Amino acid sequence: MSFLPFAIAIWIFLVGLYGVVSSHHLVHLVICLSVVQSSTYLLLLGIGYRTNGAASIFVDIPLNTKAVDPVVKALTLTDVVVGAAVTALLLALAVQAQKRFGTVDPDELDPLRD
Amino acid sequence: MSAGEGPARRRDSEISFATRRRLFLVSGAVLAALMTWALAGMPAFGDYHGIYGLLLNRVAVPQEHATNVITAVNFDYRGFDTLGEEFILFAAVLGLALILRERRDEEEGPPDDDAVGRQVSGASVAVRLITVTLVGPTVLLAGYIIAHGAITPGGGFQGGVIAATALLFVYLGGEYLALRRIRPLPLVEITKATGAAGFVLIGIAGLIWGVAFLDNWLPKGTPGDVFSAGTMQLLSVAVGFEITGGFVLILSEFLDQTIVLRRRRGARSG
Amino acid sequence: MDKLAPLVVAGPFLIAALFAISLPLSRRRDDIVSIVTASAGVVFVGAMLIDVLSRDVPVVTWVGGWQPRAGVALGISMAFDPLSTSLALLAAVLVCAAFLFAWRYFETPGPIFHALMLVFGGAMAGFCLSGDLFNLFVFFELMSVTAYALTAYRSEESGPLQGALTFAVSNTVGAVFILFGIALLYARTGALNLAQIGVALAHGHADGLVVGSFAFLCIGFMVKAAVVPFHFWLADAYAVAPTPACVIFSGVMSDLGIYAIARVYWTMFDGPFQAHLETLRLVFLLFGGVTALWGAVLCLAQHHLKRLLAFVTISQIGMALIGVGLFSTEGIAAAALLIAADGLLRAGLFVAIGAVIHRTGSVNELRLYYLGRQVPRPLAAIFFAGALGLAGPPFLGAFSGKRVLEHAAIDVGHGWIIVVFVVAAILTAAAVLRAGGRVFLGWGEPAEDDPIPFGHPTGSEVERDDEEAEAETTGAPDTTPPVMIATAGALVAGGLAIGLFPALVDKTLDAAARFTDRAAYAAVVLHGAKLPLPDAPNLGVDALGILFGLLSVGGAVGIALAVLSPRHRVRELVPLPLRGPIRGTYWAVRRLHSGQAGDYVTWLSVGAATFGVLLAAATR
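Procedures and definitions
- Residues numbered from 1 in each chain as written.
- Chains lettered and ligands numbered in written order.
- Predicted model: local features only at pLDDT ≥ 70, side-chain atom pairs only at ≥ 80, totals over all residues.
- Heavy atoms only, no water.
- Helix = DSSP H or I, 4+ residues; strand = E, 2+ residues; numbered from the N terminus.
- Rg over C-alpha atoms; globule rule 2.2 N^0.38 Å.
- Contact = heavy atoms within 4.5 Å.
- Areas by Shrake-Rupley, 256 points an atom, 1.4 Å probe, with all protein chains shown as cover.
- Axes fitted to C-alpha atoms, helices over the stretch in contact; angles between N-to-C directions.
- Parallel < 35°, antiparallel > 145°, perpendicular 65-115°, else oblique.
- Left-handed = near helix turned anticlockwise from the far one by under 90°.
- Nonpolar A, V, L, I, M, F, W, Y, C, P; charged D, E, K, R; others polar.
- Salt bridge = Lys/Arg side-chain N within 4 Å of Asp/Glu carboxyl O.
- Polar contact = N/O pair within 3.5 Å; in protein donor to acceptor, adjacent residues only side chain to side chain.
- Buried < 20%, exposed > 50% of the residue type's maximum accessible area, 1.4 Å probe, protein only.
- Pairing = 2+ DSSP bridges.
- Expected span 1.5 Å × (residues − 1).

Chemist: Teacher, can you tell me more about the overall build of chain A here?
Modeler: Along its length, chain A carries three helices and zero strands. Helices (α) and strands (β) of chain A occur, in sequence order from the N terminus, as α-α-α. Relative to the 2.2 N^0.38 estimate, which gives 13 Å for 114 residues, the radius of gyration of chain A is 19 Å and therefore markedly larger than a compact globule would have. Once the C-alpha set of chain A is aligned to its principal axes, its extents read approximately 65 × 30 × 25 Å.

Right, dumping it as structure tokens:
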């Protein structure tokens, strides 16, 4: 039972990656990419968890209460913001693709070829 | 689809879609095995003894007088990371503005319904009432969360996002076009940039004061009070500004795309 | 001075934020502010480098003033050692060069371009100088996001749109791998500081978690560095990004991935992997060698000048990876010298190509046949000098890096890899020389593809390449601005000069010895203590190095001439039964670069799985 959160993190990572690989729609691709990123949130938070630990906020609990790891929470917060930023940028590209080229299928975009 | 923009067709690739899928399934299975092998070496779930976290839980409150240790980590101990993270959002918003800026062959116009001859109906009175009344409390809540970030759960990031959702309420209430006519966009951009610059300047103030960059040099009050954690709270406010500005810009750029910008009549269609 | 160190990152950020506030007043003021800021960055990092070189230990700064307690790091450290500071200096110089070039190159870039470039520069500096694993990741992502935005600069064209998309998708997946690695290390050691993790791992053995975290970190960095098969995004992105951005991308950004692999290994994983060095070397030499050859072969087939240089970049990344993958002091020194020389040369070549685009409006080698004569003669000379420098003739350019690499390979018993990178160097230099010959000298045949009998781009593709090229710059004016020529010349001269001084090689070997000394790094970061300097080998110039230098140049020039000569003569050199299979394989490889994000991520997964399995086998 103790491996379950990590197993789920691995699963989410791979499922999201599969979505990216097999996507026919840019918005779907971007969302799948954010699913891949969210696997790391689960992994980080799962690492820092302590059973029966309180949140690391000591405004109403005494200082030496058992609390979960605060560092992974801060890391996850940073991670979420980074993920949101990249998602926003990619969605802008998706909107642009629809506007300019009439397609949101990632396989139909024309690269610069030699 | 017009000629000059690159026809949309499925191009030939060396590998077919089915091959791609099969390749991925095989490598995905291998990656799953590798990750499981790696993660098997983790400490047991629920029983983590990382020294960094344990130490910070013990010393953050006495040292920094901030009862929210996570905010202390974000804005004090690891403030340099937050600087980078803030600028990631800054750069992403700049990039988004670059990509979605109004082009020469576009113009602003009211939203049309796709079906010929139909008008877009506005929001009902009930929706309008509720959404408009919610804007105020949302902004207030955001301000509260930003200001109390060092004490209770919250901080600049969380509060900033909440503030940005006030714009979504306006949109839901059908008042987006009216808001846009007031053109608060330059104000929003200035807010975002001020937040970003503000963070750096507060850090530099530490240097001027004689201590390190991003040092928490302001006097600290008693833990639990509103103004207790020194520069941490100023940084939180700066980040709040930047996030609010950034997300409002993102939302308004996307809303502009769907509602406002249309191909100029007579331009190439597609 | 130490306290001011974070300003190397925060300074450009502040100016960038101010750019975003300010109203678009005048174009000239934007340019001046950027160039001044970038120059200030160069001066500052240069001063830090001089300071670092005068001391025996890295200069360590704790941001926020958080000194470590009893070997436990509370805050984030920045560590200035000679190699990382030099790399930061290279980045600063290239940002400055890019601004100088963009000044005359762009129509109206607007404040957003300047802001993004400044943030990009600051992020690269932060990346090189960071002493904290998660901080490294944050700056990695910042570099990446600004790069995506810069690549999408003209997203109304299909090329930049697709290039930015595959760039963003591939690199984001790479970043997730890096996070997996960080999470694993944090779980095991409870620390994020590089030195502290190194101390914690030093006496453990390489079990699944340690090997897995190293694998994931390397995979993520290899995506950024564009090692084969993680490289597909680079060819598309570098061809369509605005040329001033390409100067930085090609000159230093890709190399930062290789630097990160070295940094991560020598501060953290050196302890547990000591017993497995031999097998580890094989894995990295495999990936490095394949990358070097793949890039070299494919660049011969490119006619789009920027795409050609993109494949040159990939090939040279492979060579740098070979240097790092030898896991020795000499290997690191070789990689450092190669990164410096090749980076400056590639940047100079991009500026030169940009000047040609600026003048003629075209970027396709065939279209440009002999049109290069419109550009001032010095620029053509600079281009050829740069191309020769890539091959590494004796005492110029990549020569010092190559000869140290040759020694390093022989010293660890892998002399066979010398053949690989000499061949790669010959082919890449030949491709650039061929392009120069066709464009500037009018050699070869006009409007015909090169004699490699493989086919050529259709007319409409060439048209569209050139539309994109023209849209980027200020039309086809009558003169080439002297600042462009001067920038290209300075960069190429700098790159060539790296090969000139044996003293530089000795200093680099010293710096590499310090770089690979994990115990000394940990001592100074965590305890402020100073350990005695390790011994550094001394490598004089010898006959072997000169021989390979001459061979590389001769081979490059020879192949370029052969390729430019009438078609039928070269074709006859290839024996008849081989032509079909060669053509078939070649087209198959080229079509792998399909431009489809799904394909690229699939290859990424295949590469990741392969690398992981090989690493697991190597450390059993």
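Back to the write-up after that little detour.
Chemist: Whenever I open this one, the overall build of chain C confuses me. Can you help?
Modeler: When you go through chain C residue by residue, the secondary structure sums to 24 helices and two strands. Taking 620 residues into account, the globule formula puts the C-alpha radius of gyration at 25 Å, and chain C, at 23 Å, falls close to it. In terms of overall dimensions, chain C has a C-alpha envelope of 70 × 65 × 45 Å along the principal axes. Sequence separation of at least 24 residues holds for 84% of the intrachain contacts in chain C that already meet a minimum separation of 6. Carbon together with sulfur atoms contributes 67% to the accessible area of chain C, which is approximately 17,000 Å² in total.

Chemist: Can you walk me through the packing of helix α14 (residues 377-391) of chain C against helix α16 (residues 417-441) of chain C in this structure?
Modeler: Packed helices, taken two at a time, are described by the angle between their axes plus the distance between the axes. Residues and elements named next belong to chain C. Between α14 and α16, whose axes approach to 8 Å, the crossing angle comes to 165°. Judged on the interaxial angle alone, α16 and α14 are roughly antiparallel. Once α14 is placed against α16, the crossing between them reads as left-handed. Mapping the contact onto sequence places Ala380, Phe383, Phe384, Ala387, Leu388, Leu390 and Ala391 in α14 and Ala425, Ala429, Val432, Leu433, Gly436, Gly437, Phe440 and Leu441 in α16. Split into classes, the residues belonging to the contact of α14 with α16 amount to 13 nonpolar, two polar and no charged.

Chemist: Looking at this model, I keep getting lost on the interface of chain A and chain C. Mind explaining?
Modeler: One frequent convention defines the size of an interface as the accessible area lost when the parts assemble. Taken together, the contacts link 37 residues of chain A with 50 residues of chain C. For the interface between chain A and chain C, the tally reads zero salt bridges. The tally of links between chain A and chain C comes to two residue pairs in polar contact (both at pLDDT 80 or more). Of all the elements in the fold, those that place two or more residues in the side of chain A that touches chain C are α1 (4-21), α2 (26-48) and α3 (70-101) of chain A. Looking at the side of chain A that touches chain C residue by residue, the class counts come to 25 nonpolar, five polar and seven charged.

Chemist: What is the right way to look at the environment of Trp233 of chain C in this model?
Modeler: All names here are of chain C. In this fold, Trp233 is placed in helix α9 (residues 232-240). A C-alpha to C-alpha distance of 8.6 Å links Trp233 and Ala164, two positions 69 residues apart in sequence. Other than its neighbours up to four places away in sequence, Trp233 contacts Thr166, Phe167, Ser170, Asn171, Val223, Lys224, Ala226, Tyr238 and Tyr600.

Chemist: I would appreciate a short explanation of the side chain of Thr103 of chain A in the present structure.
Modeler: Examined against the element boundaries, Thr103 of chain A turns out to sit in the segment after α3. Engagement of the side chain of Thr103 of chain A in a polar contact is seen with the backbone nitrogen of Asp105 of chain A, the distance being 3.0 Å.

Chemist: What exactly am I supposed to notice about the pairing of strand β2 (residues 76-80) of chain C here?
Modeler: Consecutive residues of a regular strand have side chains that alternate between opposite faces of the sheet. All names here are of chain C. Of all five residues in β2, five are buried, a share of seventy percent or more. Of the two faces of β2, the one holding Ile76, Met78 and Phe80 and the one holding Ser77 and Ala79 are both buried throughout. The pairing of strand β1 (residues 59-63) with β2 spans five bridges and is classified as antiparallel. Each bridged residue has a counterpart across the sheet, and for Val59 the counterpart in β2 is Phe80.

Chemist: Sorry if this is basic, but what is going on with the side chain of Asp30 of chain C here?
Modeler: All names here are of chain C. Considering the arrangement of structural elements, one finds Asp30 in helix α2 (residues 27-54). Overall, Asp30 belongs to the buried group, its relative accessible area being 6%. One polar contact links Asp30 to Arg29, side chain to side chain, over a distance of 2.7 Å. Once residues lying within four places of it in the same chain are set aside, the contact partners of Asp30 are Phe19, Gly110, Pro111 and His114.

Chemist: Could you clarify how one ought to interpret helix α15 (residues 399-411) of chain C in this entry?
Modeler: Two residues of an α-helix separated by three or four positions point the same way, owing to the 3.6 residues in each turn. All names here are of chain C. For α15, which comprises 13 residues, the first-to-last C-alpha distance of 18 Å matches the rise-based estimate of 18 Å (1.5 Å per residue) to within 8%. The element α15 is extensively covered by neighbouring structure, given that 11 of its 13 residues are classed as buried. Among the residues of α15, those classed as buried are Phe399, Ser400, Gly401, Lys402, Arg403, Val404, Leu405, Glu406, His407, Ala408 and Ala409. Check the buried side of α15 and you find it contacts α12 (305-325), α13 (329-360), α14, α16, α19 (502-515) and α21 (543-564). Positive phi shows up at Gly413, right after α15, with a value of about 85°.

Chemist: Would you explain the environment of Asp506 of chain C in this entry?
Modeler: All names here are of chain C. Positionally, Asp506 belongs in helix α19. With relative accessibility at 28%, the residue Asp506 sits in the partly exposed group. Separated by 167 residues in the primary sequence, Asp506 and Ile339 have C-alpha atoms spaced 16 Å apart. Leaving out residues up to four positions away in the same chain, Asp506 has contacts with Asn538 and Leu539.

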